[in-house]
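# An overview of the molecular structure
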Amino acid sequence: MSSADLGQALTKNQFAYREVRRRIIMGELPPGEPIPQARLAADLGVSLTPLREALRKLDAEGLVEFASHKDVRPTMLTAAGARDLYEIRRHLEPHATRLGAERRTDADADAIERAAAELVPLTGDSSLEAMLAHRAFHRALYGASHNRELVTVLDGLWDKADRYRRLGMNLAGIDQAERLERVRRQHTALADAVVAGDPDAAERVSRKHIDSSLTRLVESTLA
């Protein structure tokens, strides 16, 4: 994408943020390794100013850390980090999904069904678009809670969990076929419960889904 194209679609700050975030999530900018800012800015076709603005935003989201003005690194993936995300998500997301089943509107039900239709299995070679479709599905579920503060907190958790999810998709020694079929069944059950307005089922399936999530798997692997 050229600089002219950027001006038509996104601001340079927005483009730099989205692209650097994508590269961090996809592992193209590895955890703990210094980000070569001058080379990266040239590769993106932007100056250092929008790149540094993007890095400051990513720092606020916990995806990078500043060791100094010039030394910026993607944060490390750790068992403690995966555990923290799992524990918070396990308490908040099932509750939000329960509220979604209680409060969902016809528009919410339509959005959930559309998001479910866009889902594709997440495997080691999945694209960022596939990961975003997975995220959009879950956001449609907990977004139906119509609790703005709760949705904002969960959005932040998903921002941080994406890299752990990506790592989990590449773990060896797990039965991928069994995992994918289990996830498919759980996604179907989640959508059905929220659309049907069954809060007990929605909360139960959500918690079961999180207990067998990729983030949970990564925690046990990194420990």
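Data block above holds the structure.
Here's what I pulled together on the structure shown here. (Residues numbered from 1 in each chain as written. Predicted model: local features only at pLDDT ≥ 70, side-chain atom pairs only at ≥ 80, totals over all residues. Heavy atoms only, no water.)

## Description of unusual backbone geometry
With a phi close to 55 degrees, His-146 is a non-glycine residue in the positive phi region. Inspection of the secondary structure assignment puts His-146 in the loop between helix H7 (128-143) and helix H8 (148-169). (Helix = DSSP H or I, 4+ residues; strand = E, 2+ residues; numbered from the N terminus.)

## Things to note about the nonpolar core
Buried together is how nonpolar side chains tend to be arranged in soluble globular proteins. Ranked by internal contacts, the top residues of the largest apolar core, which has 19 residues, are Val-20, Ile-35, Leu-40, Leu-44, Leu-51 and Leu-58. Those elements giving two or more residues to this core turn out to be helix H2 (12-25), helix H3 (37-44) and helix H4 (48-60). Ranked by residue count, the leading element in this core is H2, at five residues. Setting aside anything within four residues of it in sequence, one finds Leu-40 in contact with Val-20, Arg-23, Leu-29, Ile-35 and Leu-51. (Core = buried A, V, L, I, M, F, W, Y, C linked by side-chain atoms within 4.5 Å. Buried < 20%, exposed > 50% of the residue type's maximum accessible area, 1.4 Å probe, protein only. Contact = heavy atoms within 4.5 Å.)

## Quick look at the pattern of salt bridges
Any two side chains of opposite charge can pair, on the condition that their charged atoms come close. Here the structure, examined in full by the defined rule, presents 24 salt bridges. Where Glu-53 meets Arg-56, a salt bridge forms, and the shortest distance between an N and an O atom there is 2.8 Å. Of this pair, Glu-53 and Arg-56 both sit in helix H4, three residues apart, which is roughly one turn of that helix. A network of salt bridges, in which partner residues are shared, links Glu-19, Arg-22, Arg-23, Glu-28 and Asp-43. (Salt bridge = Lys/Arg side-chain N within 4 Å of Asp/Glu carboxyl O.)

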